[in-house]
Amino acid sequence: MGIKDLLRFMKPYVEPAHIKKYAGKRVGIDAYSWLHKGAYSCSMELCLNSDGDKKLQYLNYFMHRINMLRHYKITPVEKETNRDQAMLKLKEGKCCFGAIELFQRAVTVTPSMAHQLIQILKSENIEFVVAPYEADAQLAFLSNLEEEKNGIVRHVCLSWV
């Protein structure tokens, strides 16, 4: 979930650095962010579900960045690493907080999960919008529309403790 104006707010606190500064280190990456950015290069082909290699340009974008990290001997860390570590703890019989915490870091909301939710919302006649990218941006857009144009009064974030 994006935070409005976060990058602009953080700019005074961020020090630019060359990627080679992280040589030999492990860095976390936001794979979905790279996938979304890569999808811009072939958005029409993806939306039209076209055949051909151009539709897969987003993968080239992603792998170009991965290869840049490899070039500098940087290890990208994604959720799979956490899952693998959690599975090791589980096999060792350590189904404790450590394994559960790693599973929590590794869990991914899949399109199948979203599809199941959509089916329930439809069956309950609950109106919903599938955001093309970030939900925050979609909600901000809808809150700027008039109500008679399917706008919303405001958006809220619900959490349970």
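Small disclaimer: the values here were computed from a predicted structure and weren't measured.

Asker: Please explain the overall build of the protein chain as it appears in this structure.
Answerer: A count of helical and extended segments in the protein chain gives 8 helices and 2 strands. In the protein chain, the succession of α and β elements from N to C terminus is α-β-α-α-α-β-α-α-α-α. When contacts within the protein chain are restricted to residue pairs at least 6 apart in sequence, long-range pairs at least 24 apart make up 50% of them.

Asker: So what exactly am I meant to see when it comes to the packing of aromatic side chains here?
Answerer: Each aromatic ring pair is summarised here by two numbers: the centre-to-centre distance and the angle between the ring planes. Across all of its chains, the model carries 0 aromatic pairs by this definition. Note that Arg65 overlies the ring of Tyr61, its terminal NZ or CZ placed 3.6 Å from the centroid.

Asker: Any chance you could explain the side chain of Lys55 here in plain terms?
Answerer: By the element assignment, Lys55 lies in the loop between helix H3 (43-47) and helix H4 (57-71). Of the side chains with opposite charge, Asp51 lies nearest to the buried Lys55, which makes no salt bridge, at 5.5 Å. A polar contact of 2.7 Å, which involves the side chain of Lys55, links it to the side chain of Asn49. For Lys55, the side chain forms a polar contact with the main-chain oxygen of Ser50, separated by 3.5 Å. Ignoring sequence-local partners within four residues, the contact set of Lys55 consists of Cys42, Glu45, Leu46, Asn49 and Ser50.

Asker: For this particular structure, what's the right way to read the side chain of Asn82?
Answerer: Locating Asn82 in the fold gives a position in helix H5 (residues 79-91). The buried category is assigned to Asn82, whose relative accessible area is 14%. Sequence-distant contacts of Asn82, defined by excluding residues within four places in its chain, comprise Leu102, Arg105 and Ala106.

Asker: Any chance you could explain the nonpolar core here in plain terms?
Answerer: It is characteristic of soluble globular proteins that their nonpolar side chains tend to be buried jointly. Core analysis: the largest hydrophobic core is formed by 8 residues, namely Val27, Ile29, Ala31, Trp34, Phe62, Ile66, Leu69 and Ile74. Ranked by residue count, the leading element in this core is H4, at 3 residues.

Asker: Before we go on, may I ask you to explain a nonpolar patch on the surface in this structure?
Answerer: A contiguous nonpolar patch, built from Leu6, Phe9, Met10, Tyr13 and Val14 and spanning about 530 Å² of accessible area, is present on the exposed surface. Its place among the elements puts Tyr13 in the loop between helix H1 (6-10) and strand S1 (26-28). The class for Tyr13 is exposed, based on a relative accessible area of 60%.

Asker: Where do I start with unusual backbone geometry in this structure?
Answerer: Negative phi characterises most residues that are not glycine, and trans characterises most peptide bonds. In the Ramachandran plot, Lys73 falls in the positive-phi region, its phi being about 60 degrees despite a non-glycine side chain. With respect to the element layout, Lys73 can be found in the loop between H4 and strand S2 (75-77).

Asker: Help me out: how do you make sense of H5 in this one?
Answerer: Residue pairs spaced three or four apart in an α-helix point in one direction, given the helix's 3.6 residues per turn. For H5, with 13 residues, the first-to-last C-alpha span of 19 Å sits near the 18 Å given by 1.5 Å per residue. Immediately beyond the C-terminal end of H5, within one or two residues, lies Gly93, with a positive phi of roughly 80 degrees.

Asker: Just to check I follow, could you spell out the confidence of the model for the protein chain for this structure?
Answerer: Close inspection of predicted coordinates is inappropriate in any region flagged by low pLDDT. The share of residues in the protein chain with pLDDT of 70 or more is 86%, and the mean pLDDT across the chain is 77. Mean pLDDT values over the elements of the protein chain span from 74, in H1, up to 88, in H4. In the predicted structure, residues 155-161 sits below a pLDDT of 50 and forms 3 contacts with residues beyond four places in sequence or in another chain.

What counts and how
Residues numbered from 1 in each chain as written. Predicted model: local features only at pLDDT ≥ 70, side-chain atom pairs only at ≥ 80, totals over all residues. Heavy atoms only, no water. Helix = DSSP H or I, 4+ residues; strand = E, 2+ residues; numbered from the N terminus. Contact = heavy atoms within 4.5 Å. Phe/Tyr/Trp six-rings, centres within 6.5 Å; stacked < 30°, edge-to-face > 60°. Lys NZ or Arg CZ within 6 Å of the ring centre and 35° of its normal. Buried < 20%, exposed > 50% of the residue type's maximum accessible area, 1.4 Å probe, protein only. Lys, Arg positive; Asp, Glu negative; His and termini not counted. Salt bridge = Lys/Arg side-chain N within 4 Å of Asp/Glu carboxyl O. Polar contact = N/O pair within 3.5 Å; in protein donor to acceptor, adjacent residues only side chain to side chain. Core = buried A, V, L, I, M, F, W, Y, C linked by side-chain atoms within 4.5 Å. Patch = residues over 30% accessible without salt bridge, like charges linked within 9 Å, V, L, I, M, F, W, Y side chains within 5 Å. Areas by Shrake-Rupley, 256 points an atom, 1.4 Å probe, with all protein chains shown as cover. Expected span 1.5 Å × (residues − 1). pLDDT = per-residue confidence, 0-100.

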